[in-house]
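Listed below, chain by chain, are the residues.
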Amino acid sequence: MSAPITQDVLTLPRKLPESDRINLVGLTRAQLREVLIEGGTPERQANMRVGQIWQWIYQKGVRDFEAMTNLSKAYRTELAERYEIALPEVVTRQVSADGTRKYLVRIAGGHEVETVYIPEEGRGTLCISSQVGCTLTCSFCHTGTQKLVRNLTAGEIVGQVMLARDDLGEWPEPGRAPKDETRLLSNVVLMGMGEPLYNFDAVRDAMQIVMDGEGISLSRRRITLSTSGVVPEIARTAEEIGCLLAVSFHATTDEVRDTLVPINKKWPIAKLLDELRAYPKLSNSERITFEYVMLKGVNDSDADARRLVKLIQGIPAKINLIPFNEWPGAPYQRSDRARIQSFADIVYKAGYASPIRTPRGEDIMAACGQLKSATERARKSRTQIATEAGLGG
Ligand code: SAH
Ligand code: SF4
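Residues numbered from 1 in each chain as written. Chains lettered and ligands numbered in written order. Predicted model: local features only at pLDDT ≥ 70, side-chain atom pairs only at ≥ 80, totals over all residues. Heavy atoms only, no water.

Asks: Talk me through the overall build of the protein; I want residue IDs and the actual numbers.
Replies: Helix and strand content of the protein: twelve helices and 13 strands. Across the 393 residues of the protein, 54% fall into the buried class. Sequence-distant contacts, at least 24 apart, represent 66% of the contacts inside the protein between residues at least 6 apart. Taken as a whole, the protein presents about 17300 Å² of accessible surface, with 50% of it coming from carbon and sulfur. (Helix = DSSP H or I, 4+ residues; strand = E, 2+ residues; numbered from the N terminus. Buried < 20%, exposed > 50% of the residue type's maximum accessible area, 1.4 Å probe, protein only. Contact = heavy atoms within 4.5 Å. Areas by Shrake-Rupley, 256 points an atom, 1.4 Å probe, with all protein chains shown as cover.)

Listed below in structure tokens is the structure:
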């Protein structure tokens, strides 16, 4: 008996071996369409198929073509023979006493990056990586001690969001997309390993997917991209992503910023500020976050605080004070609490919100700037890492 012929039966060239299957995760809608057509999906059906498959992958979290029940059985089989829906692999998952979760994620080629989930009152933030290592060498940053190994693909970037949702069990029941306020994973920050603006296209494509209303559907205002100050890419970020921007400012004179954030030698403070002034309007967003790491005796004086508020005058801003997260062998120390408070008071009195970031996940070294490829650290035991972080007793 022959199978009933449906519209979906395709004349596909051949079944691809597993390793040659194209991963659909991370493709833009346009790319997905192209890939489907190349694989034999009739052009006139392609838009509809993109919409259907997209919803299965990004709205429902489905990984198996068999489960895509609004596609014919024959079409599902064809899809499974040519494509896959694959995420990077979670190698380890550590949960801190404060609920912070750190995932060590293995990507193609055996490289590893870290992704951190930080639950807070009324929201949950996922800190994702955009590169393995970093080309930049900020002197206070652990990632900066590691050379760039490679850029992440869009699939590996959006994959971090998907694997965290897997772990949190947050794929909605059909037809019941969670409201932003009640989501476990409600915000994304590009503050993990790497400089996102040196991997612009992949970051943009991944964020477009995360924001897509028929998928994960996070608002662009719940995504914050942090840059060390890659000036030529800032306007593009406004135009092509439109998310919130954070900038690793960290110093109030070029002399000091040159040593902390060496990209400053290329695009010094004045140039950076010019670019930042244009951002809120271009991206139609409220304010820029100025990240400022508090390093004892380096950038934490009252005079620094006063210079800072003067420099950013006229820019809608919030100043996020980050107590330095120490890492083994770091050449700096964290400023004292009283010093940070005094700095914060000056900034606050000048009219800017000046939250002091609470260190989270310290027992698992999950804080910003401590993230580093584990290829190097994997040899050490957890106890060793905890001891080095000053928590091992
Ligand atoms: N490359 C981007 C994003 C990743 S770093 C950038 O530099 O902005 C995310 C934030 O963590 C940046 O503000 C960075 O300056 C900060 N950071 C890096 N190392 C740190 C450390 N050891 N302690 C505190 N903050 C750190
Ligand atoms: Fe790279 Fe950002 Fe670290 Fe600087 S602070 S080395 S830009 S990850």
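Asks: Which residues make up the nonpolar core, and what values do they have?
Replies: Judged by nonpolar contacts, the single largest core of 104 residues is most densely connected at Phe140, Met207, Leu276 and Phe290. Dropping the residues within four chain positions of it, leucine 276 is found in contact with Ile234, Leu245, Val247, Ile288, Phe290 and Ile315. Counting residues in hydrophobic clusters, the runner-up holds six residues, among them Cys127, Val189, Met191 and Ala246. (Core = buried A, V, L, I, M, F, W, Y, C linked by side-chain atoms within 4.5 Å.)

Asks: Pulling in residues and values, what's your account of the pairing of strand E9 (residues 187–190)?
Replies: Taking every second residue as pointing to the same face, both faces of E9 are buried, with Asn187 and Val189 on one and Val188 and Leu190 on the other. Two elements, strand E6 (residues 123–127) and E9, share three bridges in a ladder whose sense is parallel. What sits directly across from cysteine 127, in E9, is valine 189. Looking at chain direction, E9 and strand E10 (residues 223–227) are connected through three bridges and run parallel. Each bridged residue has a counterpart across the sheet, and for leucine 190 the counterpart in E10 is leucine 225. Once you follow E9 into helix H5 (residues 200–211) and on to E10, the crossover reads as right-handed. (Pairing = 2+ DSSP bridges. Right-handed = clockwise from strand over helix to strand, strands pointing away.)

Asks: Any chance you could break down the site of ligand 2 for me, citing the residues and the numbers?
Replies: Inspection of the region around ligand 2 gives Cys134, Leu136, Cys138, Cys141, Gly144, Gly194 and Ser228 as its neighbouring residues. Along the lines of polarity and charge, the residues of the shell around ligand 2 split into four nonpolar, three polar and no charged. (Near = heavy atom within 4 Å. Nonpolar A, V, L, I, M, F, W, Y, C, P; charged D, E, K, R; others polar.)

Asks: Residue-level account of the pairing of strand E5 (residues 112–120), with values.
Replies: Counting buried positions along E5 gives seven out of nine residues, so the element sits mostly inside the fold. Pairing of strand E4 (residues 101–106) with E5, which is carried by six bridges, proceeds in the antiparallel orientation. The residue of E5 that forms the bridge with arginine 106 is glutamate 112. Sheet analysis places E5 next to E6, joined by five bridges and oriented antiparallel. Within E6, the residue paired with isoleucine 118 across the bridge is threonine 125. Counted between consecutive antiparallel strands, the loop separating E5 from E6 contains two residues, among which glycine 122 sits at a positive phi close to 80°.

Asks: Tell me what's going on with the packing of H5 against helix H6 (residues 234–241), and back it up with residues and numbers.
Replies: Interhelical geometry of H5 versus H6 gives an angle of 30° and a closest axis separation of 10 Å. Of the possible angle classes, the one that applies to H5 and H6 is roughly parallel. The handedness of the crossing between H5 and H6 is right-handed. Taking contact as the criterion, the partners of Phe200, Asp201, Val203, Arg204, Met207, Gln208 and Met211 in H5 are, on H6, Arg236, Thr237, Glu240 and Ile241. When its residues are assigned to classes, the contact of H5 with H6 shows five nonpolar, two polar and four charged. (Axes fitted to C-alpha atoms, helices over the stretch in contact; angles between N-to-C directions. Parallel < 35°, antiparallel > 145°, perpendicular 65-115°, else oblique. Left-handed = near helix turned anticlockwise from the far one by under 90°.)

Asks: Break down the sheet that holds strand E3 (residues 89–95) for me, citing the residues and quoting the values.
Replies: With mixed pairing, the nine strands of this open sheet are ordered in space as E3-E4-E5-E6-E9-E10-E11-E12-E13. Where the open sheet ends on each side, the last strands, each with one partner, are E3 and strand E13 (317–323). Each adjacent strand pair in this sheet contributes to an overall mean axis angle of 20°, direction not counted.

Asks: Please provide a residue-by-residue account of the side chain of threonine 115, values included.
Replies: Following the sequence through the fold, threonine 115 ends up in strand E5. Its relative accessible area of 0% is what places threonine 115 among the buried residues. Separated by 2.8 Å, the side chains of threonine 115 and glutamine 160 make a polar contact. (Polar contact = N/O pair within 3.5 Å; in protein donor to acceptor, adjacent residues only side chain to side chain.)

Asks: Lay out the side chain of aspartate 205 in plain terms, naming residues and giving numbers.
Replies: Of note, aspartate 205 is situated in helix H5. Taking the relative accessible area as the measure of exposure, aspartate 205 reaches 13% and is therefore buried. Setting aside its immediate chain neighbours within four residues, aspartate 205 contacts Thr28, Gln31 and Ala154.

Asks: Outline unusual backbone geometry, listing residues and values.
Replies: Of note in this structure, serine 217 is not a glycine but carries a positive phi near 60°. Along the chain, serine 217 falls in the loop between H5 and E10. Phi at histidine 250 is positive, roughly 65°, even though this residue is not glycine. Residue placement: histidine 250 occurs in the loop between strand E11 (244–248) and helix H7 (254–260). Residue classification places histidine 250 among the buried positions, given a relative accessible area of 4%.

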